[in-house]
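The chain contents come next:
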Amino acid sequence: MSTTTLTPPRSPLISRLAVLSLMLGIFAIVTSEILPIGLLTAIGADFGISDGTTGLTMALPGVVAAIAAPAVTLSTARLDRRLMLCVLMAVLAVADVLAAVATAYWVMLISRVLVGLTIGGFWSIGAGLAGRLVPPRAVRTATAVIFSAVPLGSVLGVPAGTLIGELAGWRTAFLVLAALALLVLAALLMLLPRLPAHQVTSPRALLDLVRSRGGAIALLATFLIVLAHFGTYTYVTPFLQDVTGLHPAVVSAVLLAYGVAGIAGNFLAGKATATHPRGAFVICGCLIAAATLLLPPVGGTAVGAVALLVLWGLAYGGVPVCSQASFIAAAPHAPEAATVVFTSSFQATFALGAFVGGRVVDAFSVSTVMICGGVAALLMAAALGSLRRTP
């Protein structure tokens, strides 16, 4: 969307709270999407299926979100954005309740389809609204606050959800997320002004971004690093329980340490992208490769596993920031188009990584999938480093 403010002047406090409500909405969505990572074994045991098959709960939302990002954004471009965000948040609440009460695995998968629909629509629409909520001088800060929900959801949502699941059952974790979605819905209704459509992102803008050299580089780097991360991190709980031999409660604590490291990585990458965006992306890839490749030989001990998970969290905390910055740099004149392509490519590869990782886990082992992910991360770092030196 345009960064021109078309709504009547509002108090600074209300504007800041409106931005915060968007951030919490994306946080709820990202957490709902990746929550099965920490509860994978419990969900699979409840439905009597393997870890690899349970991984479909991660792959399916990504597939749907990759399609929904451009489809929902373009098809509803003339509708009030406030209305669309509220509808999508209501859909998320329904999806989480459906997951909590599912008595069959196919019902669980339906709920995941609804999560994917919400991800693609809400993320693509909401992330570009900062310019219509705050004065021009505050747009950059407001946009950063909105996008901070992505790493926060990734690095805090899973540990918190896993802890709730261990204490009260995995279904309770989804009910808590449903309650959060309803609270965000109420906040959106109270705090957002009417946001009528006034500038539409066209299919041509999306195609131009994908065809540009900068867009192609951003797509390649995002594909490889997201494939590496979610092809492995989706199955980190089975690794920590089966290979490292940690108790489920200890796994929750390890994932929390991963989350804290991820927050630090997010801030460090945010500063680094201001001066060395591609170099920061390469470093993230190298660190993820190191962590995943070393887990099979070193992660058999608790100390080794924890150290590598902290390193992994530090690296992945910077990935969404670096990827987003790459797409925006490729299309500074079309920020909404950049956000749509970023969302769609990220989610599509998210789904592919979770799916392929599940097949590797079922066919070989959870240690094998870590090695495969490490190789993909190394390829990303090598490719991006090589392209960086290309005139």
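Time to look at the overall build of the chain. Across its full length, the chain carries 18 helices and 0 strands. Computed over its C-alpha atoms, the radius of gyration of the chain comes to 20 Å, within 12% of the 21 Å expected for a compact globule of 391 residues. Along the longest, intermediate and shortest principal axes, the C-alpha atoms of the chain span 60 × 55 × 35 Å. In the chain, which comprises 391 residues, the share counted as buried stands at 56%. Relative to all contacts within the chain whose residues are 6 or more apart in sequence, the contacts with residues 24 or more apart total 86%. Per element, the accessible surface of the chain, about 14,800 Å² overall, is 73% carbon and sulfur. For the chain, the distance from the average site of its 19 positive side-chain charges to the average site of its 10 negative ones is 19 Å.

We now examine helix 13 (residues 248-272). Over its 25 residues, helix 13 extends 36 Å from the first C-alpha to the last, a length consistent with the 36 Å expected when each residue adds 1.5 Å. Within the sequence span of helix 13, burial applies to Val251, Ser252, Val254, Leu255, Tyr258, Gly259, Ala261, Gly262, Gly265, Asn266 and Ala269.

Here the focus is the pattern of salt bridges. Tallying each qualifying case throughout the model produces 2 salt bridges. In this structure, Arg171 and Asp46 form a salt bridge, with 3.3 Å as the shortest nitrogen-oxygen distance. On the criterion of sequence distance, the pair formed by Arg171 in helix 9 (residues 170-191) and Asp46 in helix 2 (residues 36-47) is long-range, its members being 125 residues apart. The salt bridge involving Asp362 is made with Arg359; its shortest N-O contact spans 3.7 Å. In this pair, Asp362 and Arg359 both sit in helix 17 (residues 335-363), 3 residues apart, roughly one turn of the helix.

The angle between the axes and the distance between the axes are what describe a pair of packed helices. With their axes 9 Å apart at the nearest point, helix 2 and helix 9 run at an angle of 130° to one another. Classified by the angle between their axes, helix 2 and helix 9 sit oblique to one another. For the pair formed by helix 2 and helix 9, the contact residues are Pro36, Leu39, Ala42, Ile43, Asp46 and Phe47 on the first element and Trp170, Arg171, Ala173 and Phe174 on the second. Here the contact of helix 2 with helix 9 is composed, by residue class, of 8 nonpolar, no polar and 2 charged.

Residues with a pLDDT of 70 or more make up 93% of the chain, whose mean pLDDT is 83. Predicted confidence in the chain is weakest over helix 7 (residues 139-147), with a mean pLDDT of 72, and strongest over helix 9, with 94.

Take the packing of aromatic side chains next. Inspection of the entire model under this criterion finds 11 aromatic pairs. Between Trp170 and Phe174, the aromatic rings sit 5.9 Å apart at their centres with planes inclined by 90°, giving edge-to-face as the arrangement. With Trp170 and Phe174 both in helix 9 and 4 residues apart, this pair spans about one turn of that helix. With a relative accessible area of 6%, Trp170 lands in the buried category. Its relative accessible area of 0% is what places Phe174 among the buried residues. Judged by centre distance (4.6 Å) and plane angle (15°), the rings of Tyr233 and Tyr258 are stacked. Here the residue Tyr233 occupies a position in helix 11 (residues 213-233), and Tyr258 occupies one in helix 13, the gap between them amounting to 25 residues. Exposure class is identical for Tyr233 and Tyr258. Each is buried. Aromatic ring contacts, followed pair by pair, group Trp123, Phe230, Tyr316, Phe327, Phe342 and Phe346 into a single cluster. Against the face of Phe355 rests Arg359, its NZ or CZ located 4.8 Å from the ring centre.

A surface patch of nonpolar side chains, amounting to about 300 Å² of accessible area, comprises Leu13, Leu17, Leu20 and Leu24. Along the polypeptide, Leu20 turns up in helix 1 (residues 12-34).

For the rest of this paragraph, the subject is the packing of helix 1 against helix 5 (residues 81-101). Packing of helix 1 against helix 5 leaves a shortest axis separation of 11 Å and a crossing angle of 35°. The crossing of helix 1 and helix 5 is left-handed. Across the interface between the two elements, Leu22, Gly25, Ala28, Ile29 and Ser32 from helix 1 touch Leu85, Met89, Leu92 and Asp96 from helix 5. Split by residue class, the contact of helix 1 with helix 5 holds 6 nonpolar, 2 polar and 1 charged.

Analysis parameters
Residues numbered from 1 in each chain as written. Predicted model: local features only at pLDDT ≥ 70, side-chain atom pairs only at ≥ 80, totals over all residues. Heavy atoms only, no water. Helix = DSSP H or I, 4+ residues; strand = E, 2+ residues; numbered from the N terminus. Rg over C-alpha atoms; globule rule 2.2 N^0.38 Å. Buried < 20%, exposed > 50% of the residue type's maximum accessible area, 1.4 Å probe, protein only. Contact = heavy atoms within 4.5 Å. Areas by Shrake-Rupley, 256 points an atom, 1.4 Å probe, with all protein chains shown as cover. Lys, Arg positive; Asp, Glu negative; His and termini not counted. Charge placed at Lys NZ, Arg CZ, Asp CG, Glu CD. Expected span 1.5 Å × (residues − 1). Salt bridge = Lys/Arg side-chain N within 4 Å of Asp/Glu carboxyl O. Axes fitted to C-alpha atoms, helices over the stretch in contact; angles between N-to-C directions. Parallel < 35°, antiparallel > 145°, perpendicular 65-115°, else oblique. Nonpolar A, V, L, I, M, F, W, Y, C, P; charged D, E, K, R; others polar. pLDDT = per-residue confidence, 0-100. Phe/Tyr/Trp six-rings, centres within 6.5 Å; stacked < 30°, edge-to-face > 60°. Lys NZ or Arg CZ within 6 Å of the ring centre and 35° of its normal. Patch = residues over 30% accessible without salt bridge, like charges linked within 9 Å, V, L, I, M, F, W, Y side chains within 5 Å. Left-handed = near helix turned anticlockwise from the far one by under 90°.

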